[in-house]
Amino acid sequence: MNLQNKWLELETRERKAVVLGACILAFGIVYGLIWRPLVRSVGVRTEQVQSMRSDLTWMRQAAIEMRALRGNGVKTGVVRGGSLLSVVDKSARGQGLDKAIVRLTPQGDNEVSVSLTPVDFTRVVRWLGALQLQGIRIRKLSLAPSGAGQVRCSLTLKRTPVSSA
C-alpha cells in the first residue's frame, strides 16, 4: 500500500490531525535547526562588534594621550648602561611592568624578546617611549586586545648604536 492510498483511507478528522502534526513538526524543525541558531549567532556577533567598537574608542583615546606625552617630552626614569637585558628589565620595573613579564630572553648581543601578560596599554606605551629615549628600538611588536584597556604584548627590542651629538 502506498502513502496516497493510506491518505485517502483516513477520515477527515484524522487528515486534519496528520496535517496539524506535520505543520507542528515542520515548525519545530525550522525553529530548532535554522531560526534559533541564527538568532544566537546574530547576538554573539552584535556583542563582538560592540566590544570591538569600545576597544577602538579606547585605542583612539590612548593614541591621543600617547601623542600628547610624546609632545611634552615626558621624563620616564631612564636607565643607562648595562646589558640590554638588564636595561629592559630595570626599565620595566620602573614602569611597574615587572610582574607582567612572562618571558624575557636575549636574542643575540643586541636584541631581547619580551612577552607580557595582559597589561594596561598606556603603561606599555610609556615603557616603550622610555626605552626609545635610551636608544632601544622596537624591531617587532604584536599587540592583542585583552579586555578594556588591556593588551597582551609580544615584542623584540634592539639596541641601536649611540650616536654622539
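Definitions and limits used
Note on numbering: residues in each chain are counted from 1, in written sequence order. With the structure being a predicted model, the display of local features is reserved for residues of pLDDT at least 70 and the display and counting of side-chain atom pairs for 80 or more, all residues being used for whole-chain, interface and lining totals. Only hydrogens and water are set aside when side-chain values are computed; all heavy atoms of the structure are taken into account. The secondary structure listing takes helices from DSSP runs of H or I that are at least 4 residues long and strands from runs of E that are at least 2 residues long, numbered from the N terminus. Any pair of residues with heavy atoms lying within 4.5 Å of one another is described as a contacting pair. Computed with a 1.4 Å probe, the accessible areas rest on the Shrake-Rupley method; for each residue, only the protein chains presented here act as cover. Burial classification: accessible surface area is computed with a 1.4 Å probe over protein chains only, and a residue below 20% of its type maximum counts as buried, one above 50% as exposed, and the rest as partly exposed. To be clear, the arc concerns the directions from the helix axis to the C-beta atoms. Each salt bridge in this description consists of a side-chain nitrogen of Lys or Arg and a carboxyl oxygen of Asp or Glu lying within 4 Å of one another. The angle between two axes is taken between their N-to-C directions and runs from 0 to 180 degrees, where each axis is a line fitted to C-alpha atoms and a helix contributes only its stretch in contact. Roughly parallel refers to an angle under 35 degrees, roughly antiparallel to one over 145, roughly perpendicular to one between 65 and 115, and oblique to any angle outside these ranges. Throughout, a crossing is termed right-handed when the near helix is turned clockwise from the far one, and left-handed when it is turned anticlockwise from it by less than a right angle. In this classification, the charged set is Asp, Glu, Lys and Arg, the nonpolar set is Ala, Val, Leu, Ile, Met, Phe, Trp, Tyr, Cys and Pro, and all remaining amino acids, among them Gly, are polar.

Trainee: What exactly am I supposed to notice about the overall build of the protein chain here?
Mentor: Regarding its fold elements, the protein chain presents 4 helices and 4 strands. Starting at the N terminus and ending at the C terminus, the protein chain contains elements arranged as α-α-α-β-β-α-β-β. Taking as baseline every contact in the protein chain between residues at least 6 positions apart, the subset at least 24 positions apart corresponds to 55%. When the accessible surface of the protein chain is split by element, carbon and sulfur atoms take 57% of a total near 11800 Å².

Trainee: Can you walk me through helix H3 (residues 84-94) in this structure?
Mentor: Residues spaced three or four apart along an α-helix face the same direction, because each turn holds 3.6 residues. Looking at H3, one finds that the buried residues are Leu84, Val87, Val88, Ser91 and Ala92. Along the axis of H3, the buried positions cluster into a sector of 130°, meaning they face one direction only. Each element contacted by the buried residues of H3 is listed here: strand S1 (101-106), strand S2 (111-120), helix H4 (121-133), strand S3 (136-145) and strand S4 (150-159). With its phi angle positive at about 75°, Gly96 sits one or two positions after the end of H3.

Trainee: How should the pattern of salt bridges be read in this particular structure?
Mentor: Two side chains with opposite charge may pair up if their charged atoms get near one another. Following the criterion strictly, the structure yields 2 salt bridges and no others. We note a salt bridge from Arg93 to Asp89, for which the minimum N-O separation is 2.4 Å. Remark: Asp89 and Arg93 occur in helix H3; sequence separation between them is 4 residues, near one turn of the helix. In this structure, the salt-bridge partner of Glu111 is Arg139, at a minimum N-O distance of 2.9 Å. Here Arg139 lies in strand S3 and Glu111 lies in strand S2, a separation of 28 residues in the sequence. Taking relative accessible area as the criterion, Glu111 reaches 14% and is therefore assigned buried.

Trainee: Quick question: what am I supposed to make of the packing of H3 against H4 here?
Mentor: Interaxial distance between H3 and H4 falls to 10 Å at its minimum, and their mutual angle equals 140°. Taken together, the axis directions place H3 and H4 in an arrangement best described as oblique. Our pair here, H3 against H4, has a crossing hand that is right-handed. In this structure, H3 contributes Val88, Ser91 and Ala92 to the contact, and H4 contributes Trp127, Ala130 and Leu131. When its residues are assigned to classes, the contact of H3 with H4 shows 5 nonpolar, 1 polar and no charged.

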